Amino acid sequence: MSSEHNWGSSSQPDAAPGASASSGPRTLAEDLRARDDSALAALLRARPDLLSPVPGDLTQLATRAGTRASVVRALEHLDRFTLQTAEALAVAPGAPPPHGAVPREGAAAAEAPLARLLPGAEAAARLRPALAELRARALVWGPPERPRLVRTARELLTSPSPTGLGPTLAEAVAAAGPAKPAPSRLQEMLAAAGLAGTHDPVSALAALTALFDDPGRMAELLASAPAGAEAVLRKLEWGPPYGTVDLEAPPPPVRWLLDRALLVPTGAEPGGGPGAPGSVVLPREVALHLRGGRAHRVLEPTAPQVAPARSYEPATVDATAAGQAMAAVAAVEELLGLWEAEPPPVLRAGGLGVRDLKRTAAALDVSEPAAAGWIELAYVAGLVASDGEADEVYAPTPAYDDWLRAAPAERWAALAAAWYAATRTAGLVGERDPRGRNLAPLGPGLDRGPAPEVRQRALARLAGLAPGSAPDRDTLRDRLCWERPLLGNRAAARAAQPAGQPPGQQPTQQPGQPSGAAAGAGEADGGRQLRSRLLDWALDEAETLGVTGRGALASYVRPLLVAEQDGGAAHRAPGATGEAVRAVAAKLAPHLPEPLTEVLLQADLTAVAPGPLERELAAFLAVLADVESKGGATVYRFTPGSVRRALDTGRTAADLHAFLAEHSSTPVPQPLTYLVDDVARRHGQVRVGAASSYVRCDDDALLTELLADRRSAPLRLRRLAPTVLASPAPPDQLLAKLREAGYAPAAESAEGDVLLARPDAHRAPPRTPPEPVPEGPPPPDGSLLAAAVRAIRAGDHAATLTHKPKAPAAAPPEGGPPRTVMAETLATMQSATLSGTPVWIGYVNADGAASQRVIAPVKVEGGFVTGYDHTAEEVRTYPLHRITGVAEVAES
């Protein structure tokens, strides 16, 4: 099977007109065959989708490289000028047309038309590197003096053309359908244009095309046009090249243009009757003359520079970013501490409910979008997951416990590495998918394949600025758009796929638009909008996370960027960035304050932590006091409820006094000592058990007071004994209501012992972090590339080897493996074993996949043949019944 077919005849695969063995490769497969191993490895690295699975030979590789999906991916990774070069190649005079029409004879070499289509000194300097990049990605092949765009790329870049150019005159006439001019009409057009008549339509079109390609004669022709005619052409000059006119009674300027084929009718509108408006197209040759030979209105041979908006001292940037890093670690720890005590449920459709998101945002004292960002960050870092139970909830994973034991800098580095490669985008939370469903945190539909590349390219551009410089977002957006102008188009199209529409179906074509115009314009606009939003989200998240400070890149993040550039992989397997994570943590650690072991206790029953506390101290202080405010310093307030909460954990008043004295940098204020003693004295006087529930107290006067309290009326208490009350309410409700009434009850067991109230730390089973969902497979490593190139070369060697002719039992298909009967296969194998000559075999494996191999048999016995497989470069054993045929390899 061939990868590229002759655009003049379908009988010769990949053949260029007039090509010979000495004039260069005739097919893309031949072009690849002439490349060395390093060039093939570079191709597979640039287009990793070609390795899934590894092609059997170079013909298969060429075929796969010409498929639509693969070419679309390859085009997405071109910069603006390289893409403009490909677009110019697709419309260059003499380029093979996309629909198999015969090209004009005597077409000039490709470089001269490219120089006219891409004018300017900067474009001329960048043209050869751009062509080399297209050739390295197998989008261009052929001799250097005549580069040829692969057919699929040519079709994608001309249906419609991003340059705004329409079809050639010959293509427009051929596609006109019912409006196609008759041979006599073509002769009339020749006469109107001042040309001699011809004998057939083909020569008539050739004469008109030659006129349109001649700048001098075209200038004379347009100079004789009536007023308004050139204005009509100028409206279509830069595209779209299609317009709508009344073909039954066109205005005089339009009639003059139609009579000379300067406009070509394409037929009536769908559903239109006689006299309905017709659509016309401006031939490509005419548009190029009007443009002065330029393919693009705006040529962008050089990348726009990212301008710094502000500059700060690098130390200021690092200090600001480090403060945000500490806040990020604290936010994730607080989030998961909340969820381990009260895990939120999983929605039936997956994700976190709106109420739980609101509750989490209120507990973290942040907005809902910010809470969604922290939740998604913990998820991609593998710190939270669903537990998989019948009543499924989200809870921290065992990896969270390991994360907590790490140093603060290491914890932040792990979060940053997970964010850096994540495809999940928290900015989409709260929006709706094409089916009208809400996009929830931790739910489906949040993956956007281009997100990591946009994020990584943005940070790389920040790293290229002077230390401490914050970029201007508009110039950064322009730079990323130049580097990857097509990135995100497919992702945006998938995200906007309407409900019920099959994947890949084109939007409804609008009247007067060429096929694919609506889809192409929609994908481009959607991709541009998606890239812009991804960039804004990336920069905002980087600031919140502490990757940047005041908009400038922090110095301690650079090892992560260097590791990315060295590895070249946009999406790494878990643990692949371990060395970079350790390097980032080592550079961040000096910028973080040492955790404090003391707080400032004040007489107003508050405690002030002027910095981050040790984890154990912060954990128990959060039980003993309520957090009143956060910021540069955290303020805790002691209340009777918070002290009772600490006593419920089994601590005594003496324990609390000792804790406060140990961790206070000032003497413990007397009001706080009195508060602890007062709550401890009343704590546990009232006991609650299960009767349904009962209240027990040695002080019968206190129980009498409780019965008389109006606030206890809903509990329907009744006295069973002087020191015992009973209630139909469950014990937990009874405890809560009595505490609300200002009492300090303690729960007790059936044996009368006080039950300690320690919140259960819920954990999900071990879970791996969610894998990123990139747009394509990740780039292969060096060992895989080397093995793949060897396998492709060996398979190509087996497929192209000349073998001695045999009389097969059944004629094999053209280019297929040999076919021989079993007796002849066995005889040939035994003969090759004795002579030590290699043989060419056809082999079908257990899965039914056929392949061709070259082996040197060394032993034939028991229905098996053992030999050195030149394709796999190792000794293998093959069952004889799976060998379809054998042929000796020719000595040459």
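Residues numbered from 1 in each chain as written. Predicted model: local features only at pLDDT ≥ 70, side-chain atom pairs only at ≥ 80, totals over all residues. Heavy atoms only, no water.

*Asks:* An account of the overall build of the protein chain is requested, with residue identities and associated values reported.
*Replies:* A tally of regular secondary structure across the protein chain gives 34 helices and 25 strands. Out of the 892 residues belonging to the protein chain, those deemed buried represent 46%. Considering only residue pairs separated by 6 or more positions, the protein chain has 68% of its internal contacts joining residues 24 or more positions apart. If you sum the accessible surface of the protein chain, you get close to 41,300 Å²; carbon and sulfur atoms cover 55% of it. (Helix = DSSP H or I, 4+ residues; strand = E, 2+ residues; numbered from the N terminus. Buried < 20%, exposed > 50% of the residue type's maximum accessible area, 1.4 Å probe, protein only. Contact = heavy atoms within 4.5 Å. Areas by Shrake-Rupley, 256 points an atom, 1.4 Å probe, with all protein chains shown as cover.)

*Asks:* So what about the nonpolar core? Which residues, and what values?
*Replies:* Membership of the largest hydrophobic core comes to 86 residues, with the highest contact counts inside it found for Leu32, Leu44, Leu118, Leu208, Phe212, Leu262 and Leu263. With seven residues, helix H5 (residues 80-91) is the largest single contributor of residues to this core. Not counting residues up to four positions away in its chain, the partners in contact with Phe212 are Leu169, Met218, Arg260, Ala261, Leu262, Glu285, Val286 and His289. Ranked by size, the runner-up nonpolar core spans 76 residues in total, among them Ala451, Ala492, Ala542 and Leu561. (Core = buried A, V, L, I, M, F, W, Y, C linked by side-chain atoms within 4.5 Å.)

*Asks:* Describe the confidence of the model for the protein chain, and please don't skip the residues or the numbers.
*Replies:* Considering every residue of the protein chain, the mean pLDDT works out to 83; 84% of them sit at 70 or more. Across residues 1-22 the pLDDT falls below 50, and counting only partners more than four positions away or on other chains, this stretch makes 54 contacts in the model. In this model residues 499-519 is a low-confidence stretch, pLDDT under 50, and it forms 24 contacts with partners more than four residues away in sequence or in other chains. (pLDDT = per-residue confidence, 0-100.)

*Asks:* Give a detailed account of the packing of helix H29 (residues 653-662) against helix H30 (residues 670-682), specifying residues and quantitative values.
*Replies:* Helix-helix packing: each pair is described by the crossing angle between the helix axes and the interaxial distance. For the pair H29 and H30, interaxial distance at closest approach is 10 Å and the crossing angle is 160 degrees. In this view, H29 runs roughly antiparallel relative to H30, as classed from their interaxial angle. H30 is crossed by H29, and the crossing has right-handed handedness. Taken together, the residues of H30 that come into contact with H29 (itself represented by Ala653, Leu656, His657 and Leu660) are Leu672, Thr673, Val676, Asp677 and Ala680. In terms of residue class, the contact of H29 with H30 is made up of six nonpolar, two polar and one charged. (Axes fitted to C-alpha atoms, helices over the stretch in contact; angles between N-to-C directions. Parallel < 35°, antiparallel > 145°, perpendicular 65-115°, else oblique. Left-handed = near helix turned anticlockwise from the far one by under 90°. Nonpolar A, V, L, I, M, F, W, Y, C, P; charged D, E, K, R; others polar.)

*Asks:* Any chance you could break down the pairing of strand S13 (residues 606-609) for me, citing the residues and the numbers?
*Replies:* Burial of S13 is two-sided: the residues Thr606 and Val608 facing one way and the residues Ala607 and Ala609 facing the other way are all buried. Two elements, strand S12 (residues 600-602) and S13, share three bridges in a ladder whose sense is antiparallel. The residue bridging Leu601 from the neighbouring strand is Ala607, located in S13. Alignment of S13 against strand S15 (residues 634-637), held across four bridges, turns out to be antiparallel. Residue Ala607 lies in a different strand from S15, and its bridge partner there is Tyr636. (Pairing = 2+ DSSP bridges.)

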